[in-house]
Amino acid sequence: MIKARIIVTLKNGVLDPQGKAIEGALGGLGFSGVGSVRQGKVFDVELQDGDRAKAEAALKEMCERLLANTVIEDYSIAIT
Amino acid sequence: MKSAVIQLPGLNRDRDMIAALTKVSGKAPITVWQTETELPDVDLIVIPGGFSYGDYLRCGAIGARMPVMKAVAEKAAKGVMVMGVCNGFQILLEAGLLPGALMRNASLKFVCREVKLEVANANTAFTRGYAPGEIIRCPVAHHDGNYFADPDTLARLEGEGQVVFRYAEGTNPNGSVNDIAGIIGEGGNVLGMMPHPENLIEAAHGGSDGRALFEGLLGKAA
């Protein structure tokens, strides 16, 4: 079995109002010096097939076709 | 005009859309469930508003991957009119039938109010019932209506007259770029818009500014 973690984040230059709100809240809690906060999503995926190359290809396709909206989001895949 | 309304779990404006289409065209639309792989022979396909799949993952993301959407894409490619309102707009974007994306409102708040819309392009099958530049009233109700597209796409949309509705008179409720409220695809037969014209078609709604959209469509596809 292969386990993977996929991280989806907004592309640079895409405004992230939720990240901005979190950034403001951190400032309000007294955390000074927070430059910026960007919010993203994490998907932990387990694949039954043990073939690493196949898994990489499948995970990439999952990101392209569903997990990320590539108009506004980037993704990264880490196989653990 | 023969029309079809797509139904997915979590959509809740389908009944309003069915009522509007029935009242204006005099004929009830056919309802089509998400698992259908073929669509009836109709002139107009509407994806109504709501919260398909609870807005899980991204608004419209899961609905856009349901079997019926493949059939909608095929019909759209053949020139059949397709209209997505609110969650329907989000689904059309997620399905790649229109360019860009809808993000969380800049205010981070759900907005449910009336806005003013400028008819930015009255020379479309959807907007021919309006005068160019006409300002109309229209309700909005959404959490993710903040339209975004990369600069090249935006320039193309603006240059080709694909922006058909724009929030007017300072009523942009969501931070949408260029005040964009609705766009059409390159072929001119696919419209996506966040506001709800189906909720302003008769006196009982408090106005009928949305009615001309349906009447214009009817004239085209009668």
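Here the structure is a predicted model, which means the values were calculated and not measured. (Residues numbered from 1 in each chain as written. Chains lettered and ligands numbered in written order. Predicted model: local features only at pLDDT ≥ 70, side-chain atom pairs only at ≥ 80, totals over all residues.)

A. Quick peek at the nonpolar core. In terms of nonpolar packing, the biggest core is built from 73 residues, with Ile 6 and Leu 92 of chain B touching the most fellow members. Setting aside its immediate chain neighbours within four residues, Leu 92 of chain B contacts Ile 47, Gly 84, Leu 97, Leu 98, Val 190 and Gly 192 of chain B. Grouped together as the second largest cluster of nonpolar side chains are 8 residues, Ile 6, Val 8, Ala 68 and Tyr 75 of chain A included. (Core = buried A, V, L, I, M, F, W, Y, C linked by C-beta atoms within 7 Å. Buried ≥ 20, exposed ≤ 12 C-beta atoms within 10 Å, placed from the backbone. Contact = placed C-beta atoms within 7 Å.)

B. Fine view of helix 2 (residues 67-77) of chain B. Residue and element names in this part refer to chain B. Among the residues of helix 2, those classed as buried are Val 68, Met 69, Val 72, Lys 75 and Ala 76. Relative to the axis of helix 2, the buried residues are bounded by an arc of 115° and lie together on one face. For helix 2, the exposed residues lying more than 90 degrees away from the buried face are Pro 67 and Ala 77. Buried positions along helix 2 lie against strand 1 (3-7), strand 2 (30-33), strand 3 (44-47), strand 4 (81-85) and strand 11 (190-193). Within two residues after helix 2, Gly 79 carries a phi angle of roughly 95°, on the positive side. (Helix = DSSP H or I, 4+ residues; strand = E, 2+ residues; numbered from the N terminus. Arc of directions from axis to C-beta.)

C. Spatial organisation of the interface of chain A and chain B. Contacts between chain A and chain B engage 8 residues on the former and 11 residues on the latter. Residue contributions to the side of chain A that touches chain B peak at 3 residues, all from helix 1 (residues 17-28) of chain A.

D. Structural detail: the pairing of strand 6 (residues 111-119) of chain B. Residues and elements named next belong to chain B. Across 8 bridges, strand 6 lies against strand 7 (residues 135-142) in antiparallel orientation. Looking at the pairing, Val 115 lines up with Cys 138 of strand 7. Judged from the 4 bridges that link them, strand 6 and strand 9 (residues 163-168) form a sheet pairing that is antiparallel. Residue pairing for strand 9: Glu 118 is matched across the bridge by Arg 166. (Pairing = 2+ DSSP bridges.)

E. Geometry of the sheet that holds strand 2 (residues 40-47) of chain A. Residues and elements named next belong to chain A. As summarised here, the arrangement of the 3 strands in space is 2-1-3, forming an open sheet in which the pairing is antiparallel. The strands lining the two open edges of the sheet, one partner per strand, are strand 2 and strand 3 (73-79). Direction aside, neighbouring strands of the sheet carry axes that sit 20° apart on average. Two elements, strand 1 (residues 2-10) and strand 3, share 7 bridges in a ladder whose sense is antiparallel. In the sheet register, Ile 7 faces strand 3, and the bridge partner there is Ser 76. (Axes fitted to C-alpha atoms, helices over the stretch in contact; angles between N-to-C directions.)

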